[in-house]
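Listed here are the chains, written in short residue letters.
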Amino acid sequence: MTVADTGTASATRVHRRRPRILRNLASKTASIPMVATVLVIFIGCTLWTVIYSFTKSRLLPVPLFETMPLFSIPVPHLLASDGSWDFTLITGLKSSSFVGTDQYDRLWGTRRWIVSIGNLGIYGLCSMTFSLVIGFTLAALLDRKIRFENAFRTIILYPFALSFIVTGLVWQWILNPNFGIQKVVRDLGFENFVFDPLYNDKYVVYGILIAGLWQGTGLVMCLMLAGIRGIDEDIWKASRVEGIPVWKTYVMIVIPMMRPVFVTSVVIIGAGIVKVYDLVVAQTSGGPGISSQMPALYVMDKMFKDQNLAQGFAASTVMLMTVAIILIPWAYFEFGRKKNV
Amino acid sequence: MSDATQFTPRGPRPRRIFSAPNIFLYGTLTVVAAYYALPLYVMITTSLKTMDEVRAGNIFSLPTQWTIEPWIKAWATACTGINCDGLSRGFWNSVRILIPSVILSISIASVNGYALANWRYKGAEFFFAVLMIGAFIPYQVMLYPIVLVLRAVGDFFGFQLYGTLGGLVIVHTIFGMPILTLLFRNYFSSLPEELFKAARVDGAGFWRIFFQVMLPMSLPIFVVAMILQVTGIWNDFLFGVIYTKPDIYPMTVQLNNIVNSVQGTKEYNVNMAATLLTGLVPLVIYFASGKLFVRGVAAGAVKG
């Protein structure tokens, strides 16, 4: 290294002697927002909610260490200074803010929450299965070196650009029994045709599912298409030489090779499922009755409407646990794979 | 011309356009595309019909009597609660939320991604990992404590933060950070390291390299980030409901209030015009940006 200017060289030396914390200072300064977000929001706020889910907070969060006397026993003892008797109160203090798992007991005893969890289960299972199957099938169709591939892809992906509110409202309109599909089919002469998923408490989840899939499958298709395109062309040549049918090549060879893409898709879809909120608000607001409630709606109502904060915290902690159950195996899989490579 | 080899068939046999597999392939794709396009078509046609025709007709038919009245009404006079100035209020609120949020979140995330890619320090990997995990925490877990944080920070500096535009901008910046940081970090890592080293040898520092070497090379990734943020923030509903007040509700919240209000007769044509108006901004961005949009949404799938 040729450093002509001696000033630069000495500056470099000074730089090296700076204490550890001050080294790379600009980079650390630039990271302050990230560090603050991680510490205050992602770690701090999450822990806060988990801790307060064990309290009896209602309208406002209770002070954590609010205490009250549990018992007080006067104990007589001799005062050293003048020989007279005095009493000292020995008090047992109990922290009254914490109510143990009461909130969780109440949560799992609430019908609305049970319905929510059931709905999330059905919605999640169907959404996951159909997203993967439809997404992969469409990607495979688009992969067949067709004309107008871009046009097809553009049409299938555009709903993903729309908000859940817009999605929910459009499908609310199309599924409206008095004006939508049901009426059109009835006008064709099928007088007894019934298709009113949003007004039927047995099928309302599937009504939401239709809208959710319409919005989200385009993304899965794009991920899958990228995955299929990433597979070595020689695999195809080999399978053609062997005379394996195309569909069989996809099912038996391509899908197993695309395991990482499937895992990524599962994680992305799964994280979206647990968060489902806007879509339900726009389509049904949880109705008819409580038949299309979802955990996120329960949390929001308890925290911001019913003034029952701790109940909302408990419910959201359960949501967090659900995500952790999906996420931890994935992280394990990821890191395990990296170690092997 | 007399050469016989000229006439022997060469290359693969041309595929006939109307072969059975092709009919199946294009048939399926056309049906699927029609299904995906249907809601947009229904939105457009319904919004251009008169209410009489909506009541009498078929939602899939074209309007017999075209009218733009519903659009005008949705934009200027539709009611939410006591306000009857239409969606225009929500539109401008969304614009006012969008611009500072996009600028702030992208500036912070790009510098942050650059620091993580080129100026690693001890602990950087840990914070980045937690940031990535944080992207998967359900928002509901953090919503309430963030209200308290915004209040406390506002009180400390002596101004209102919760319930104002500023608060919402901060929230959007926070929740946009994981995906944007990932995007920028991966991009800056993929640039040739020699450029960075050459600039270092020439004596450029952190900021100078960022502004004079990195920025001019990274226009595409900024466009991708912008697409991601503009559609994401425009489509947001949850944060708008929680962190703003009715006066400054973004467009999505106002739309939901207009359409799902229980008072008055339902004007479906106005509702659809309003829905389409709200979806117009992301739709225009989507159709204009083409492959860059795909790159943006697939960014989540790219592993760091």
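Our subject in this report is the structure included herewith. (Residues numbered from 1 in each chain as written. Chains lettered and ligands numbered in written order. Predicted model: local features only at pLDDT ≥ 70, side-chain atom pairs only at ≥ 80, totals over all residues. Heavy atoms only, no water.)

**Some remarks on the overall build of chain A**
In terms of helices and strands, chain A carries 15 helices and two strands. Across the 341 residues of chain A, 47% fall into the buried class. Taking as baseline every contact in chain A between residues at least 6 positions apart, the subset at least 24 positions apart corresponds to 68%. Accessible area of chain A: about 17,600 Å², with a carbon and sulfur share of 66%. (Helix = DSSP H or I, 4+ residues; strand = E, 2+ residues; numbered from the N terminus. Buried < 20%, exposed > 50% of the residue type's maximum accessible area, 1.4 Å probe, protein only. Contact = heavy atoms within 4.5 Å. Areas by Shrake-Rupley, 256 points an atom, 1.4 Å probe, with all protein chains shown as cover.)

**Brief notes about the packing of aromatic side chains**
Per the counting criterion, the structure on display carries 47 aromatic pairs over all chains. With a centroid separation of 4.8 Å and 55 degrees between ring planes, the pair formed by A:Phe179 and B:Tyr268 is classed as tilted. Highlighted residues: A:Phe179 in the loop between helix 7 (164-174) and helix 8 (181-187) and B:Tyr268 in helix 13 (residues 268-289), drawn from two different chains. There is no split in this pair, since A:Phe179 and B:Tyr268 are both buried. With a centroid separation of 6.3 Å and an interplanar angle of 40 degrees, the aromatic rings of B:Phe239 and B:Tyr243 are classed as tilted. Within this pair, B:Phe239 and its partner B:Tyr243 are both found in helix 11 (residues 238-243), separated by four residues, close to a single helical turn. (Phe/Tyr/Trp six-rings, centres within 6.5 Å; stacked < 30°, edge-to-face > 60°.)

**Considering the interface of chain B and chain A**
Contacts between chain B and chain A engage 85 residues on the former and 92 residues on the latter. Counting each side, the surface lost to burial between chain B and chain A is near 7,800 Å², with a carbon and sulfur contribution of 78%. Of all residues in chain B, B:Tyr36, B:Phe136 and B:Tyr144 give up the largest surface area on contact with chain A, accounting jointly for 11% of the area buried on that side. For the interface between chain B and chain A, the tally reads zero salt bridges. Our enumeration of links across chain B and chain A arrives at 18 residue pairs in polar contact (both at pLDDT 80 or more). Here the side of chain B that touches chain A takes 15 residues from helix 1 (residues 20-47) of chain B, the largest share from any one element. When the residues that make up the side of chain B that touches chain A are grouped by side-chain class, the tally is 62 nonpolar, 17 polar and six charged. (Buried area = accessible area lost by both parts, 1.4 Å probe. Salt bridge = Lys/Arg side-chain N within 4 Å of Asp/Glu carboxyl O. Polar contact = N/O pair within 3.5 Å; in protein donor to acceptor, adjacent residues only side chain to side chain. Nonpolar A, V, L, I, M, F, W, Y, C, P; charged D, E, K, R; others polar.)

**Some remarks on a nonpolar patch on the surface**
Residue and element names in this part refer to chain B. Together, Val153, Phe156, Phe157 and Phe159 make up an exposed nonpolar region whose accessible area comes to about 460 Å². You can see Phe156 is positioned in helix 6 (residues 139-157). Accessibility expressed as a relative area gives 69% for Phe156, which makes it exposed. (Patch = residues over 30% accessible without salt bridge, like charges linked within 9 Å, V, L, I, M, F, W, Y side chains within 5 Å.)

**Points about helix 7 (residues 165-190) of chain B**
Residues and elements named next belong to chain B. Counted at 1.5 Å a residue, the expected span for helix 7 with its 26 residues is 38 Å, and the 36 Å between its end C-alpha atoms agrees. In helix 7, a bend of some 50 degrees at Met177 exceeds every other bend along the element, and Pro178, a proline, comes one to four places later. Most of helix 7 sits out of view: 20 of its 26 residues are buried. (Expected span 1.5 Å × (residues − 1). Bend = angle between axes of the 7 residues up to and from the residue.)

**Observations concerning the pattern of salt bridges**
Per the stated rule, a full pass over the model turns up 13 salt bridges over all chains. Across the pair B:Arg89 and B:Asp85 runs a salt bridge whose closest N-O atoms are separated by 3.0 Å. Residue B:Arg89 is classed as partly exposed on the basis of its relative accessible area, which comes to 23%. Accessibility expressed as a relative area gives 28% for B:Asp85, which makes it partly exposed. For B:Glu193, the salt bridge goes to B:Lys197, with nearest N and O atoms at 3.9 Å. On the criterion of helical spacing, the pair formed by B:Glu193 and B:Lys197 is a turn pair, its members being four residues apart in helix 8 (residues 193-201). Exposure remark for B:Lys197: the relative accessible area of 48% places this residue in the partly exposed category. It is possible to trace a salt-bridge network through shared partners that takes in A:Arg112, A:Asp301 and A:Lys305.

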